[in-house]
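# Structural characterization, general
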Amino acid sequence: MSSMSYAIIHYPQIDKPLYFVDSIDSFSCQFDDTHSFQRFCEMAEAYQAKGYYVIMLLDYEIGELLNGIRRNNEDRNGQQGEKQHGNRPIAHCIVFDEAVAKYEFYQNETVKKTRKNYQQEGTDHHFEWTQSDAQLKESIEMVKSYIREGYTYQVNFTTRLQSQWKVCPFTFFEHALERKDGEYMSYIFDDKHHRHIISLSPELFFTLDEMKKTIVTSPMKGTLSKNKEPQLLRDSIKDRAENVMIVDLLRNDLSKIPGVKSVHVDPLFEVKSYPTVWQMISTITAKYSNQVALYDVLNQLFPCGSITGAPKHSTMNFIKHLEPKNRGIYCGSIGLMLPKGESIFNVAIRTLEIKDDIATYGVGAGITINSNADAEVEEFKDKTKVLDQLKLSPLYYIETFKSDDVENTPLHIDRLERSSKVNQDVLLNRLKKQLEEHLTGDAHIIRMTVTNSGNIDFDYRSLPSIDGENTICFSTLPILKSSLTSIKTNRRYRFPQRSNGQNYYVYYNEEGMIAECDIGNIIYCINDVWYTPSIEAGALPGIQRQKMLEQHSIFVKDIHVNEFIDLAISQINNIKIINSLRGTVNLHHIKID
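Here the structure is a predicted model, which is why all the values come from computation and not from measurement. (Residues numbered from 1 in each chain as written. Predicted model: local features only at pLDDT ≥ 70, side-chain atom pairs only at ≥ 80, totals over all residues. Heavy atoms only, no water.)

## Notes on the confidence of the model for the chain
Residues at a pLDDT of 70 or more form 93% of the chain, whose mean pLDDT is 89. Residue range residues 73–83 is modelled with pLDDT below 50. Its contacts to residues more than four positions away, or to other chains, number 27 contacts. (pLDDT = per-residue confidence, 0-100. Contact = heavy atoms within 4.5 Å.)

## Quick notes on empty space enclosed by the protein
By the definition in use, this model includes two cavities of 30 Å³ or more. Estimates place the volume of the largest cavity at around 220 Å³. Looking at the largest cavity, it is lined by 23 residues, and the ones nearest its centre are K221, I349, R350, G364 and K383. Where the lining of the largest cavity is concerned, the elements lending two or more residues are β12 (220–225), α8 (237–255) and β21 (358–367). The biggest single contributor to the lining of the largest cavity is β21, with six residues. Taken together, the residues of the lining of the largest cavity break down into seven nonpolar, eight polar and eight charged. Taken as a whole, the second largest cavity holds about 60 Å³ of empty space. Contributing to the lining of the second largest cavity are D181, L200, Y274, P275, T276, V277, R350 and V386. Residue composition of the lining of the second largest cavity, by class: five nonpolar, one polar and two charged. (1 Å grid on protein atoms, 1.4 Å probe; cavity = no way out; pocket = protein on both sides within 12 Å on 5 of 7 lines; lining within 4 Å. Points joined across faces, edges and corners; volume = space filled by probe spheres on them. Helix = DSSP H or I, 4+ residues; strand = E, 2+ residues; numbered from the N terminus. Nonpolar A, V, L, I, M, F, W, Y, C, P; charged D, E, K, R; others polar.)

## Topic: the packing of aromatic side chains
One pass over the full model with this rule turns up 28 aromatic pairs. Ring centres of Y47 and Y52 lie 5.5 Å apart, and the angle between their planes is 85 degrees; this geometry places the pair in the edge-to-face category. Aromatic rings pair up to connect Y6, Y19, F105, Y106, F170, F173, Y187 and F189 into one cluster. Geometry around W278 places K226 over its ring, the cationic atom sitting 5.0 Å from the centre. The residue whose ring lies beneath R327 is Y60, and the NZ or CZ to ring-centre distance is 4.4 Å. (Phe/Tyr/Trp six-rings, centres within 6.5 Å; stacked < 30°, edge-to-face > 60°. Lys NZ or Arg CZ within 6 Å of the ring centre and 35° of its normal.)

Below is the structure:
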C-alpha cells in the first residue's frame, strides 16, 4: 500500500545522505507471535531482493516477543494497560523504489506541507524529565539490589524527556547532519502512524553483508562528557567492565546464528569522539558460509545487548517491571536495506519520536554494582546535550560595518534604530565611545548588537581577505519566511548553513525563488541588465543593495533557482555578491550537491 511517507538516511556505509519520497508500500507487525515477525522479515527481504530500498522500524518490544517476555496488564505504579501494545505495531516497514535528489525531495508537496506547519523563528523547547532525580536514583539503587541478589550483572536503565515540538524537523535534522551529531542518522515520517522519527544514533547495531558473508556489530558502552580527557574513559575500570560484558554477550549471540562459522573482536575498547561526549566502542565480526536470513539474525541479536544488560533474558524481564512505560522505537533499531545488497541497522538511541507535536527523547545508562547513583544521573544529563541546539538564544538585532566607513555607518545606525526601537542618538553615542576606547588604529569590522531590552554590545575583528577563488553553493533546503526575514537578527533563519572559507551559500525560498547569500545580497546579469531578488522573496534590505537601487545600477527582479543555476553554469561572471563591508564580491565557481 503506497503512502505519503518520506525519509532521509545517512549511515557511514553510504557516501552521502539518501532522500526518499512517496513510498510505494508499507506493512506492519503486531505484538502477536514470532511467526508473524518472521513473515514480516521475509516480506522485507523479498522487496530488497527485487531492487527496492526498505526502511525497517523496530520497537524495543520486538525483543520481548522474541525472548518470550510478555507485558503485564499493570505497570509498577499499578496503572492498568500502560504497557500494553494493543493494536499498535511493534515493527513497521516502508518501501521506496528509488532515492531522489535533495532539491527534488524538498519540492515534494508532502514535504513542503510539513515544513509550512512549523514557524521559522519558533519558540523555545522545554524538555521535561518524566522522572525526578530522586526517582531515578531510587531506580538505580533497585538495580544494584537486583545485581547483589545475583539476577544480573548489568542493567541498562532508561528514562524519558518530553516537550512540545515547535521547530521544523527538516531544519533540525539537516543541521544535525552538518554538525555530524551522530553516525547512524535518519529522519523518517511514518505516514501510516502519523509520527516523525529523528535518530542521531552514534551506534551500529549490525550490518548484514551477503557479498562479504559477514555480520558486524559495534556495541557502545562507556560514556564521558566531552569536557573531560578521553584517557579517563580508556582507563575507567567501571566502563571497561560494562563494555566487555556486552561484548561477551554479543559474541555469544552471534555464535548462535545458523550458519555462523567464526566470531572475533577487533578493536576492543576503542574511544571515539562525538560532539558532546566520548564513547567506548568495540567491534565484533562474525563470518558465515551460506545465506543467512534476517529473521535468524534478529532472533538472536535483538535487542542489542548494549541497551539491555547481561544476562539478556533475566535483565529484560527486570526492565519490564522497572521502567513504567514501553520504550517503543527508542532502544529499538532503524534498518536500511539496500537494493540487492547490504542491510544496516542502528541502535535507536539519541532518538526523538514526535507524535501529535509532542517530542519524546530517551536516555539511559548501564548500571553495575559499582555504579554511583549521582554520577549515573549526571550521565543521563550529559546525553541530552544534543537537545541544547533546540533552545533559542535571546533575540538581538545586528548591524555589521567597517569602523572607518563614514558614508555607510549612519545608514546602519538608522536601520538598527528602526529594528530595535532604540533611539539613534543612544546608538551613536555608544558607538562613538566604543571607537574611541578600543579602535584607534587600522580599520576593523564592527558587529553591533541590541537586545529587546535595549542592551548594546560590540564585537570586532580584522577585515578578512577576499583574494582567491570564490565558490557559491546552495543551501540544503529552502528558507522559511517569517516576520523576522527582512530584519537582521540572530533568528532570521533557524539552523542556517554558513560560509566555509570562500564557499558562500545561496538561499532560496519555498517557491524556489532565489533570496540572498549568507554574506550579502545577490545580483545577477541578464542581457546586460543587473537585477537583485525582491524583499518578498526573502532578501534582506541591505545597505549596498539599497544604494545601488537608488543609483539605478540594479533593478528588482526575482529568479527561480533552476534558472539561476543555468545562468551560473553558463557564465559565473554574471553573478556577484554585494554588501557594504566588501562592496562587490566576484565569483569563480559553482558547486551543486
